[in-house]
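Reading the structure
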Amino acid sequence: MTLQSDHPDAADATEAGDRARAARAADRAGAPDAVDQTEVVKPAGVVEPAGVVESAGVVESAGVAGVAATDRTERTGLGRAADVAERVRAVLQAADPDAVWAVGGPDGLHTGSAAGGDGSPLDVGGLMPVLALWPVIGSLVAEEALRLHTPLTAYGTEAPAGTTAHHLLSHSTGPAAQAALTRLAEHLTGSPLAELAATRIWHPLGMTGTRFADGTLRAPLADLVRFLSHLLSPADHPVSRAWITESLRIRTGELTPARGLLWHPAPHGTWAYGETPTAWVSPRLHRWALLLPTHPPGPLRQTFRDAAFDPTPAP
């Protein structure tokens, strides 16, 4: 059976499809999950995103505990941050030189564009579900206020018979599903989503500049760095490791395209959300990336993702 995809990565998900099939085969064999590879190598400590230094139109993160950003990324086996920056710069120079972009890991920002580095709020309305709704739902699951496979009608909210939060997160991730999940979260807590996201997620992470305004969600680049870095860190609050792990694995069985909870599997061991803008995380590679293009990205999404995540041979 095939699901209609609303995400561009479904069009070039050959590697992701192979990973999904491997996972299903492993499940049938009783072996450990072979697809999501969501174990995180825990560093000795988690550090807030480092300050940034602008150089030649690229932002490089300042050293953390005396270790330069280039050394950090060498340890991941993906090459130095400068190499990633050079590859991404080459891709964007021709396609969208004014795009805002960033690449980092559990310890914060590794490299990124000069644009967006001044702290001004960016329009990230396209990432609202992953920045607000998904983590809030996860917090309700952690509190046992919500069970993913319980019909929504059992909680007193209107929904088609048999509809569950799991179904909405993994099969129907469009606006209607988002609206249903928002109503559910607000019904269970008695608070609006904006307040839930701020008190449960953004403020604990130090995302003080993130807020709903002018009909969209706005956030400075530094806040986005904090959020994406947290998803790869060993920290268990405010977004729990269990919720992240459960979300970044195939939840659609034999259906295609394969999906997790809101996130979509993509090549290079990444999970993606959004089209304009787009966020990627890869627990296996200990890396995240963010792209906010100035126009519909088309093939730029793929070439940017390849530049940010495709491993390069050691010199």
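Summary of the structure given here.

Observations concerning the overall build of the protein chain
When its secondary structure is counted, the protein chain shows 10 helices and 11 strands. With 315 residues in all, the protein chain has 52% of them scored as buried. Across the protein chain, every contact between residues at least 6 apart in sequence was considered, and the portion connecting residues at least 24 apart equals 62%. For the protein chain, the computed accessible surface area is about 13,300 Å², with 54% contributed by carbon and sulfur atoms.

Examining the side chain of serine 282
Along the chain, serine 282 falls in strand β10 (residues 278-282). Among the polar contacts made by the side chain of serine 282, one reaches the main-chain carbonyl oxygen of glycine 269 at a distance of 2.8 Å. Looking at serine 282, its side chain comes within polar contact range of the main-chain nitrogen of leucine 285, at 3.1 Å. Leave out the neighbours within four places in its chain, and serine 282 touches Leu232, His268, Gly269, Thr270, Arg287 and Phe309.

Digging into the sheet that holds strand β5 (residues 122-123)
Strand order in the open sheet made by the three strands is β5-β7-β6, with antiparallel pairing throughout. Strands with a single pairing partner mark the edges of an open sheet, and in this sheet they are β5 and β6 (211-213). With three bridges joining them, β6 and strand β7 (residues 216-219) adopt antiparallel strand pairing. Within the sheet, the bridge partner assigned to phenylalanine 212 lies in β7 and is leucine 217.

Here's the deal with the pairing of β10
Across the five residues that make up β10, a large majority, five, are buried. Burial along β10 is two-sided: Thr278, Trp280 and Ser282 and Ala279 and Val281, pointing in opposite directions, are all buried. Here three bridges tie strand β9 (residues 270-273) to β10, and the two strands are oriented antiparallel to one another. Pairing of tryptophan 271 across the sheet is with valine 281, part of β10. Counted between consecutive antiparallel strands, the loop separating β9 from β10 contains four residues, among which glycine 274 sits at a positive phi close to 95 degrees. Here β10 pairs with strand β11 (residues 287-292) via five bridges, running antiparallel. Bridging from a neighbouring strand, valine 281 pairs with tryptophan 288 of β11. Counting the residues in the hairpin turn of β10 and β11 gives four residues, including histidine 286, whose phi is positive at 55 degrees.

Thoughts on the packing of helix α3 (residues 81-95) against helix α10 (residues 300-309)
The interhelical angle for the contact between α3 and α10, taken along N-to-C directions, is 165 degrees, at an axis separation of 8 Å. One finds that α3 runs roughly antiparallel with respect to α10. Two packed elements cross with a definite hand, and for α3 against α10 that hand is right-handed. Listed contacts from α10 to Val84, Arg87, Val88, Val91, Leu92 and Ala95 of α3 are Leu300, Thr303, Phe304, Ala307 and Ala308.

Some details on helix α4 (residues 128-142)
Compared with an ideal rise of 1.5 Å per residue, which puts 15 residues at 21 Å, α4 spans 21 Å between its outermost C-alpha atoms and is within 8% of the ideal. Maximum bend of α4: about 25 degrees, positioned at tryptophan 134, with proline proline 135 one to four residues after it. Within α4, 13 of the 15 residues are buried, which leaves the element mostly enclosed by the surrounding structure. Phi turns positive one or two residues past the end of α4, at glutamate 144, with a value near 65 degrees.

As for empty space enclosed by the protein
All told, the structure shown has one cavity of 30 Å³ or more when counted by the stated rule. Roughly 30 Å³ of volume is contained in the largest cavity. Forming the boundary of the largest cavity are Leu127, Val130, Leu131, Leu224, Phe227, Leu228, Ala279 and Leu290. Among the elements of the structure, α4 and α8 (221-232) are those that each provide at least two residues to the lining of the largest cavity.

Definitions and cut-offs
Residues numbered from 1 in each chain as written. Predicted model: local features only at pLDDT ≥ 70, side-chain atom pairs only at ≥ 80, totals over all residues. Heavy atoms only, no water. Helix = DSSP H or I, 4+ residues; strand = E, 2+ residues; numbered from the N terminus. Buried < 20%, exposed > 50% of the residue type's maximum accessible area, 1.4 Å probe, protein only. Contact = heavy atoms within 4.5 Å. Areas by Shrake-Rupley, 256 points an atom, 1.4 Å probe, with all protein chains shown as cover. Polar contact = N/O pair within 3.5 Å; in protein donor to acceptor, adjacent residues only side chain to side chain. Pairing = 2+ DSSP bridges. Axes fitted to C-alpha atoms, helices over the stretch in contact; angles between N-to-C directions. Parallel < 35°, antiparallel > 145°, perpendicular 65-115°, else oblique. Left-handed = near helix turned anticlockwise from the far one by under 90°. Expected span 1.5 Å × (residues − 1). Bend = angle between axes of the 7 residues up to and from the residue. 1 Å grid on protein atoms, 1.4 Å probe; cavity = no way out; pocket = protein on both sides within 12 Å on 5 of 7 lines; lining within 4 Å. Points joined across faces, edges and corners; volume = space filled by probe spheres on them.

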